[in-house]
2 protein chains.
Amino acid sequence: MENEKMSNRYKIILAYDGTNFAGFQSQPHQRTVQDVLESAVNKMSTSKNFVRIFGSGRTDAGVHALGQVVHFDLENRIPEQGIVNGLNSILPLDMQVLDAHIVPSTFHARFTTHAKSYLYRVSRGRFVDPFKRFYTGHYKYSLDIELIKQAIPDIIGKHDFSSFVASGSQARSHIRTIYNATVREDLGNDEVIFEFCGNGFLYNQVRIMVAVLLEIGNGRRPVHDFLRLYEVKDRNQCRQTAPASGLYLKKVYYEKDWPQNTITDFN
Amino acid sequence: MENEKMSNRYKIILAYDGTNFAGFQSQPHQRTVQDVLESAVNKMSTSKNFVRIFGSGRTDAGVHALGQVVHFDLENRIPEQGIVNGLNSILPLDMQVLDAHIVPSTFHARFTTHAKSYLYRVSRGRFVDPFKRFYTGHYKYSLDIELIKQAIPDIIGKHDFSSFVASGSQARSHIRTIYNATVREDLGNDEVIFEFCGNGFLYNQVRIMVAVLLEIGNGRRPVHDFLRLYEVKDRNQCRQTAPASGLYLKKVYYEKDWPQNTITDFN
């Protein structure tokens, strides 16, 4: 039994409204997801050592999460439901723990990720709905959804996304695999909703891809411009970035919850 | 033609997210709906005199509007669509003009009102959804919607609402007529949604009625407690007020758009 040291590693699923956060990563003099969550986690720790949290990845200022994943280690043992209730009683109203699991110490929120999915909401109409200004992007020009639907399959697969990466990226490779990409209209809310699932995404990749897809839907770009953009590897050909307010980190997949049977190209 | 002086009275339909407003009415050193809108209206006026706006009524801090009505007079003539586009290009993103009409000078946004409707959204569940904290009330205890449905008809009709008026009210009479009241469940969003239409509402009346209805749904009050509360005329019997964040001024009715055939008790 002595060798079998019990892990007190907790994996939590986290939702947050990104509006009033300066992004995920800790920054001095800024309100960040990491700082707010770490402050709450440390109130539940009996250790004198500061407990650091590890997220599946960063989200930018204004970007939302429906299912961000974070892990941390505590010296003390707390039941899973106690983690959920305890943290939610401490956290501010714009952040909420949806679920918690005790996981093996081999689990790492960032390094053991298999895939991630993002959702992007675009509201239409001449003006921005006051209730959506922080929760959607906005496109006031005409959109032909059928054109976008023709472009979407070009995104699925393994591609070099160098044309779709913002300048701040430190990624060594720009090759990523997109497992699924969809677009649908929410006519009741006058919105167009995109979803992307892939093995990883470059800095601002989703927001740049959405901007290109909207330009295709408006007829400003040829339907199969993605194929050309993979070749030219030039960000200057994709100058627009859809606003952070429309982007939601929807789900982070790990080995157990990754639907293996849907993988067509997984390296 | 000289006698027929042209009215430049404009009636506008206004939506706003009440979160960042200290209510409708102008106040020094506060951001109010009236001040923000008056500032925009005066930018469209050619007159040197300050143009005042008149709302159908006040909304409190945090209360939203889907269809507030406001009127104002301009010396200069602007087409209706020009009012909509012009104001929206000036207004901040949490306020939006939905429609504008040139109306006779006998129209008054407040004094010619026939009825108003309000919507109230209650989110359920143990914790507040981070994306709903400013847009719903929240009730974490159990609710039996059937009990609320039994109580709702007691609200419809002409009643003395003295038990349902907040202390700040300056109304001379507490008698109001409610034309319609409904409750429905939005199961997809885990919400309970109330709607009320009446010839007028006292200060905080909707929010106090919602709090009583929730207590009925939880079994803390008898189903027909409204009938007793009309008799006792005592606010101390209704201590709770549902939060402002769940309340939306939905529509203001004037003679032309008031559905006369649905009136059963209209004095």
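About the thresholds
- Residues numbered from 1 in each chain as written.
- Chains lettered and ligands numbered in written order.
- Predicted model: local features only at pLDDT ≥ 70, side-chain atom pairs only at ≥ 80, totals over all residues.
- Heavy atoms only, no water.
- Helix = DSSP H or I, 4+ residues; strand = E, 2+ residues; numbered from the N terminus.
- Rg over C-alpha atoms; globule rule 2.2 N^0.38 Å.
- Buried < 20%, exposed > 50% of the residue type's maximum accessible area, 1.4 Å probe, protein only.
- Areas by Shrake-Rupley, 256 points an atom, 1.4 Å probe, with all protein chains shown as cover.
- Lys, Arg positive; Asp, Glu negative; His and termini not counted.
- Charge placed at Lys NZ, Arg CZ, Asp CG, Glu CD.
- UniProt positions renumbered as here; feature names shortened; annotations may be inferred.
- Contact = heavy atoms within 4.5 Å.
- Buried area = accessible area lost by both parts, 1.4 Å probe.
- Salt bridge = Lys/Arg side-chain N within 4 Å of Asp/Glu carboxyl O.
- Polar contact = N/O pair within 3.5 Å; in protein donor to acceptor, adjacent residues only side chain to side chain.
- Nonpolar A, V, L, I, M, F, W, Y, C, P; charged D, E, K, R; others polar.
- Domains from an automatic or database assignment.
- Expected span 1.5 Å × (residues − 1).
- pLDDT = per-residue confidence, 0-100.
- Phe/Tyr/Trp six-rings, centres within 6.5 Å; stacked < 30°, edge-to-face > 60°.
- Lys NZ or Arg CZ within 6 Å of the ring centre and 35° of its normal.
- Least-squares fit on C-alpha atoms with pLDDT ≥ 70 in both.

With that settled, the discussion passes to the overall build of chain A. A count of helical and extended segments in chain A gives 5 helices and 10 strands. Relative to a compact globule of 267 residues, whose C-alpha radius of gyration would be 18 Å, chain A shows 20 Å and is just as compact. C-alpha atoms of chain A, sized along the principal axes, occupy 65 × 45 × 35 Å. The buried share among the 267 residues of chain A stands at 54%. Here chain A has roughly 12,900 Å² of accessible surface; of this, 49% comes from carbon and sulfur atoms. Side chains of chain A give 32 positive and 28 negative charges; the mean places of these two sets differ by 4 Å.

Residue and element names in this part refer to chain A. According to UniProt, the "active site" (unreviewed entry) feature falls on Asp 60. On the secondary structure map, Asp 60 appears in the loop between strand 2 (54–55) and strand 3 (64–73). Since its relative accessible area comes to 24%, Asp 60 is described here as partly exposed. Other than its neighbours up to four places away in sequence, Asp 60 contacts Gly 23, Tyr 203, Asn 204 and Arg 207.

On to the interface of chain B and chain A, then. On the chain A side, the residues contacting the 23 residues of chain B number 23 residues. Carbon and sulfur atoms supply 64% of the area buried between chain B and chain A, which totals about 1,900 Å² over both sides. Area buried by chain B at its contact with chain A is led by Phe 127, Phe 131 and Arg 133 of chain B, which between them contribute 36% of it. The tally of links between chain B and chain A comes to 4 salt bridges. We note a salt bridge from Asp 94 of chain B to Arg 133 of chain A, for which the minimum N-O separation is 3.8 Å. Between the two partners, chain B and chain A, sit 2 residue pairs in polar contact (both at pLDDT 80 or more). Elements with a contribution of two residues or more to the side of chain B that touches chain A: strand 1 (9–16), strand 3 (64–73), helix 2 (80–90) and strand 4 (95–103) of chain B. Tallied by class, residues from the side of chain B that touches chain A come to 13 nonpolar, 5 polar and 5 charged.

Now for the side chain of Ser 45 of chain A. Assignment of secondary structure puts Ser 45 of chain A in the loop between helix 1 (33–43) and strand 2. Filtering out sequence-adjacent residues up to four positions away, Ser 45 of chain A remains in contact with Val 51, Leu 74 and Asn 76 of chain A.

It is worth spelling out the domain arrangement of chain A at this point. Residues and elements named next belong to chain A. Structurally, chain A comprises domain 1 (9–103) and domain 2 (115–255). Computed from C-alpha atoms alone, the centre-to-centre distance between domain 1 and domain 2 is 27 Å. The partner domain 2 presents 15 residues to the 16 residues of domain 1 that form the contact. Taken over both partners, the interface formed by domain 1 and domain 2 buries close to 1,300 Å², and the fraction arising from carbon and sulfur atoms is 57%. When the area that domain 1 buries against domain 2 is broken down by residue, the three leading residues are Asp 60, His 64 and Leu 66, summing to 39%.

Moving on, we get to helix 4 (residues 205–217) of chain B. In this model, helix 4 of chain B (13 residues) spans 18 Å end to end at C-alpha, consistent with the 18 Å of a helix rising 1.5 Å per residue. Once helix 4 of chain B ends, the next one or two residues include Gly 219 of chain B, with phi positive near 85°.

Next up on the list: the confidence of the model for chain A. Looking at chain A, pLDDT values average 92 and 94% of them are 70 or higher. Throughout residues 263–267 of chain A the model reports pLDDT below 50, and contacts reaching past four residues in sequence, or to other chains, amount to 9 contacts.

Let's shift gears to the packing of aromatic side chains. In the structure shown here, the tally under the stated rule is 29 aromatic pairs over all chains. Centre to centre, the rings of Tyr 10 of chain A and Phe 72 of chain A are 5.8 Å apart; their planes meet at 25°, and the pair counts as stacked. Pair noted here: Tyr 10 of chain A is in strand 1 (residues 9–16) and Phe 72 of chain A is in strand 3, with a separation of 62 residues, a long-range link. Accessibility classification places Tyr 10 of chain A together with Phe 72 of chain A in one group, the buried group. A ring pair is formed by Phe 194 of chain A and Phe 196 of chain A, whose centres lie 6.2 Å apart and whose planes are at 10°; its orientation type is stacked. Note on accessibility: Phe 194 of chain A and Phe 196 of chain A belong to one class, buried. Following the ring pairs from residue to residue traces out a cluster consisting of Phe 131, Phe 134, Tyr 135 and Tyr 248 of chain A together with Phe 131, Phe 134, Tyr 135 and Tyr 248 of chain B. A cation over an aromatic ring shows up here: Arg 31 of chain A above the ring of Phe 21 of chain A, its NZ or CZ 4.2 Å from the ring centre. The ring of Tyr 141 of chain A has Arg 220 of chain A sitting right over it, with the charged end atom 4.6 Å from the ring centre.

This part covers the pattern of salt bridges. Opposite charge on two side chains permits them to pair, given that their charged atoms come into close proximity. All names here are of chain A. Evaluated as defined, the whole model comprises 28 salt bridges over all chains. Among the ionic pairs, Glu 191 bridges to Arg 121, the shortest N-O distance being 2.8 Å. Taken as a pair, Glu 191 in strand 9 (residues 191–198) and Arg 121 in strand 5 (residues 115–123) lie far apart in primary sequence, 70 residues in all. The exposure class of Arg 121 is partly exposed, given its relative accessible area of 23%.

The operation relating the two chain copies consists of a rotation about an axis and a shift along that axis. Each copy superposes on the other: chain B lies on chain A with an RMSD of 0.0 Å after a rotation of 180° and an axial shift of 0.0 Å. The superposition operator between the copies reduces to a two-fold rotation axis. No C-alpha of chain B lies nearer the rotation axis than that of Phe 131 of chain B, which sits 5.6 Å from it. Both copies share a contact surface, since 100% of the interface residues of chain B are interface residues in chain A too.

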